[in-house]
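Here is what each chain is made of, one letter per residue.
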Amino acid sequence: MKDFCRIYLTDFSQLPDLTCRQLLERLPPSRRERIEGMGAAGRAQSVAAAALLYEGLLEEDRPEGFTLRQMPAGELTAPRLALAAARCPLDWTPSSRGKPFPEGMAVGGERLYASLSHSGGWAAAVLCSGPVGLDIQTPDPLPGERLARIAARFHPGEAAALAVAPEAARPAAFYRLWAMKESVMKLSGDGFALPLKSFRVIPRGLGGETALPDGRKAAILTMEIEGLVLSIARWRGPAGR
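Presented here is an overview of the structure given in this document. (Residues numbered from 1 in each chain as written. Predicted model: local features only at pLDDT ≥ 70, side-chain atom pairs only at ≥ 80, totals over all residues. Heavy atoms only, no water.)

Topic: the sheet that holds strand E3 (residues 105-107)
Next up, step 1: Spatially, E2-E1-E5-E4-E3 is the arrangement adopted by the 5 strands of the open sheet, whose pairing is mixed. In this open sheet, the two edge strands, each paired with only one partner strand, are strand E2 (65-70) and E3. With direction set aside, neighbouring strand axes in the sheet form an average angle of 25 degrees.
Next up, step 2: Across the face of the sheet, helix H3 (residues 40-58) comes into contact with strand E1 (4-11), E2, E3, strand E4 (110-119) and strand E5 (122-128) while running at roughly 35 degrees to E5. (Pairing = 2+ DSSP bridges. Helix = DSSP H or I, 4+ residues; strand = E, 2+ residues; numbered from the N terminus. Axes fitted to C-alpha atoms, helices over the stretch in contact; angles between N-to-C directions. Contact = heavy atoms within 4.5 Å.)

This is the structure we're talking about:
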């Protein structure tokens, strides 16, 4: 199987409430019941991310390498989601630490991997030929004191690098680092059970790399689009070893 990582992105603030409800009704019970317990904003975010994943499953020829498909919210329709859900039955039951599809998804004779994220009015999903973690962040102005308090939870080397960054550039550097760290936490399957201080992201080129406490190594690709910071983490070598 070719190596690919296909990202899907949409501005779900443009998704009509009626369409959101119709999409929710067509999700499998294992996902729909979890979303129904959320507030209105959380429901819209989670519905949009799930719809993007199903849209990706309808694609029959995914380009090799890292690619991005930005979709207008109007292209997310209930009939297409219903078609994808029927064609690709998925069990959305998360792991004990909240990761969906921890062992990947059996789709059309292949094993695919996915990760979902949302921030502000945006939702994203990624389909990948190997384990993957995705995070998006909408940078908001942060008071310097609050930024410093959050950064104090990071690895000491990361916190020190942020502290010496030019003040004007510090918020952008913070959100870039935060997106990279959270994508790694999602890749690991541990989420926030993996302490922020326990691993250090080393910037490299268009992203970075890191090693987890158990020795697994991850490579990270980061990009900026539509004012968002988007980060993808994948293992380096077989299962990061």
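Regarding the pairing of E1
Next up, step 1: Taking burial as the measure, the 8 residues of E1 include 7 buried ones, the bulk of the element.
Next up, step 2: Across 6 bridges, the pairing between E1 and E2 is parallel. Across the sheet, residue phenylalanine 4 finds its bridge partner in E2, namely glycine 65. (Buried < 20%, exposed > 50% of the residue type's maximum accessible area, 1.4 Å probe, protein only.)

Side note on the layout of surface pockets
Next up, step 1: In this structure, the largest pocket occupies an estimated 600 Å³ of space.
Next up, step 2: Looking at the lining of the largest pocket, the elements with two or more residues in it are helix H2 (29-36), H3, E4, strand E6 (132-137) and helix H7 (170-188).
Next up, step 3: Tallying contributions element by element places E4 first for the lining of the largest pocket, with 5 residues.
Next up, step 4: For the lining of the largest pocket, the class distribution of residues is 9 nonpolar, 8 polar and 8 charged.
Next up, step 5: Of the pockets and cavities examined, the second largest pocket occupies roughly 240 Å³.
Next up, step 6: What lines the second largest pocket is a set of 16 residues, among which Ala161, Ala173, Leu177, Met180 and Pro203 lie closest to the centre.
Next up, step 7: Looking at the lining of the second largest pocket, the elements with two or more residues in it are helix H6 (156-164), H7 and strand E7 (202-204).
Next up, step 8: Looking at the lining of the second largest pocket, its residues break down into 9 nonpolar, 3 polar and 4 charged. (1 Å grid on protein atoms, 1.4 Å probe; cavity = no way out; pocket = protein on both sides within 12 Å on 5 of 7 lines; lining within 4 Å. Points joined across faces, edges and corners; volume = space filled by probe spheres on them. Nonpolar A, V, L, I, M, F, W, Y, C, P; charged D, E, K, R; others polar.)

As for the packing of aromatic side chains
Aromatic ring pairs are defined here through the distance separating the ring centres and the angle between the ring planes.
Next up, step 1: As enumerated under the stated definition, the model contains 7 aromatic pairs in all.
Next up, step 2: With centroids separated by 6.3 Å and ring planes inclined at 20 degrees, the aromatic side chains of phenylalanine 174 and tryptophan 178 adopt a geometry described as stacked. Residue phenylalanine 174 and its partner tryptophan 178 are located together in helix H7, separated by 4 residues, close to a single helical turn.
Next up, step 3: Cluster of aromatic residues (ring-pair linked, three or more members): Phe154, Phe174, Tyr175, Trp178 and Phe192.
Next up, step 4: Positioned over the ring face of phenylalanine 154 is lysine 181, at 5.6 Å from the centre of the ring.
Next up, step 5: For the cation-ring pair, lysine 181 lies above phenylalanine 199, with the distance from its terminal atom to the ring centre recorded as 3.8 Å. (Phe/Tyr/Trp six-rings, centres within 6.5 Å; stacked < 30°, edge-to-face > 60°. Lys NZ or Arg CZ within 6 Å of the ring centre and 35° of its normal.)

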